[in-house]
Amino acid sequence: MAANIRLGDEAPDFTAETTEGKVNLYEYLGDGWGVLFSHPRDYTPVCTTELGAVAKLKDEFATRNAKVIAVSVDPLDSHRGWVNDINDTQGTTVNFPIIADPDHTVADLYGMIHPNASDTTTVRSVFVIGPDHKVKLTITYPASTGRNFAEILRTIDSLQLTAKHKVATPSDWKQGEDVIIVPAVSDEEAKDRFPKGFTTLRPYLRYTPQPD
Ligand code: BEZ
């Protein structure tokens, strides 16, 4: 039975065969952040570009204390051959584990198969997992649409900032831009918490420079 994982749920732990050997999710993530993302199939064009893109962003994920791990329902031998193609065609070296999930164990744990889209392959799911192993963000794309991994880095920036400060990030926010003070913070408290000051457009819409 496929799970329906929602925000705030504990990310299901698992141990699986990957291109980097047997990996236990929680051990792999340690006390950092994680991005678990699924691919419909090996040797498919969009997936090839996505895995290449993620390999090139390794330093960006590392700066955020985040590790990535991919999953595809094909077996390990297939992954190994495909990684050579990814490296050749995308001009990179895949530097993170790709889970072999031919029996759909991980796909079912995370509800990555959407039967009305396809009952044999996963959709393009993204789960951002916090250091507390709780699911912080989910995104689902169809097989035909490659993901924007800059957006996933941006969401991690927001998640990490908003975990630390009583702020939220506005539409299209990027690192370094002004943020919003959450409505639960009174103006009095905001004066203490945000010494750089704040601008009130409405009582519920107050901007302050990004803390830190
Ligand atoms: C792809 O990765 O290119 C792809 C996979 C499944 C369906 C359509 C495209």
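Provided above is the structure to which this section pertains.
These lines cover the structure that appears in this document, whether it is placed above or below. (Residues numbered from 1 in each chain as written. Predicted model: local features only at pLDDT ≥ 70, side-chain atom pairs only at ≥ 80, totals over all residues. Heavy atoms only, no water.)

Structural notes on the overall build of the protein chain
So, step 1. The helix and strand inventory of the protein chain stands at seven helices and eleven strands.
So, step 2. Its C-alpha atoms give the protein chain principal-axis dimensions of about 60 × 40 × 30 Å.
So, step 3. With 212 residues in all, the protein chain has 47% of them scored as buried.
So, step 4. Of the contacts made within the protein chain by residues no fewer than 6 positions apart, 64% connect residues no fewer than 24 positions apart.
So, step 5. Approximately 10500 Å² of the protein chain is accessible, and the part contributed by carbon and sulfur atoms is 51%.
So, step 6. Separation between the mean location of the 21 positive side-chain charges and that of the 30 negative ones in the protein chain comes to 6 Å. (Helix = DSSP H or I, 4+ residues; strand = E, 2+ residues; numbered from the N terminus. Buried < 20%, exposed > 50% of the residue type's maximum accessible area, 1.4 Å probe, protein only. Contact = heavy atoms within 4.5 Å. Areas by Shrake-Rupley, 256 points an atom, 1.4 Å probe, with all protein chains shown as cover. Lys, Arg positive; Asp, Glu negative; His and termini not counted. Charge placed at Lys NZ, Arg CZ, Asp CG, Glu CD.)

Quick look at the site of the ligand
So, step 1. With respect to spatial proximity, the complete set of residues near the ligand consists of Pro40, Thr44, Pro45, Val46, Cys47, Arg124 and Ala143.
So, step 2. One of the side-chain N or O atoms of threonine 44 is found 3.0 Å from an oxygen atom in the ligand.
So, step 3. Between the ligand and proline 45, the relevant distance is 3.2 Å, taken from an oxygen atom to a main-chain nitrogen or oxygen of the residue.
So, step 4. Taking 260 Å² as the accessible area of the ligand by itself, protein coverage stands at 71%.
So, step 5. Per-element tally for the shell around the ligand: the top contributor is helix 2 (residues 45-56), with three residues.
So, step 6. Class assignment for the residues of the shell around the ligand results in five nonpolar, one polar and one charged. (Near = heavy atom within 4 Å. Polar contact = N/O pair within 3.5 Å; in protein donor to acceptor, adjacent residues only side chain to side chain. Nonpolar A, V, L, I, M, F, W, Y, C, P; charged D, E, K, R; others polar.)

Regarding helix 6 (residues 149-164)
So, step 1. Taking 1.5 Å as the rise per residue, helix 6 with 16 residues should run 22 Å; its terminal C-alpha atoms sit 23 Å apart, in good agreement.
So, step 2. Among the residues of helix 6, those classed as buried are Phe149, Ile152, Leu153, Thr155, Ile156, Asp157, Ser158, Leu159 and Leu161.
So, step 3. Structurally, the start of helix 6 carries an N-cap: the backbone nitrogen of alanine 150 is 3.0 Å from a side-chain oxygen of asparagine 148. (Expected span 1.5 Å × (residues − 1).)

Topic: the sheet that holds strand 8 (residues 167-168)
So, step 1. The strand order 8-9-11-10 describes an open sheet built from four strands, whose pairing is antiparallel. Two strands in the sheet have a free side with no partner beyond their single neighbour: strand 8 and strand 10 (199-202).
So, step 2. The sheet contact formed by strand 9 (residues 179-181) and strand 11 (residues 205-208) spans two bridges and is antiparallel. Bridging across to strand 11, isoleucine 180 finds its partner in tyrosine 207. (Pairing = 2+ DSSP bridges.)

Observations concerning the packing of aromatic side chains
So, step 1. For the coordinates displayed, the defined rule picks out four aromatic pairs.
So, step 2. Ring geometry for phenylalanine 37 versus phenylalanine 96: centroids 6.1 Å apart, planes at 50°, classification tilted. Of this pair, phenylalanine 37 sits in strand 3 (residues 33-39) while phenylalanine 96 sits in the loop between helix 4 (76-90) and strand 5 (98-100), and the two are 59 residues apart along the sequence. For the pair formed by phenylalanine 37 and phenylalanine 96, the shared burial category is buried.
So, step 3. Measuring from ring centre to ring centre gives 5.7 Å for phenylalanine 37 and phenylalanine 149, while their planes differ by 65°; the resulting arrangement is edge-to-face. Of the two residues, phenylalanine 37 is situated in strand 3 and phenylalanine 149 in helix 6; the sequence distance between them amounts to 112 residues. (Phe/Tyr/Trp six-rings, centres within 6.5 Å; stacked < 30°, edge-to-face > 60°.)

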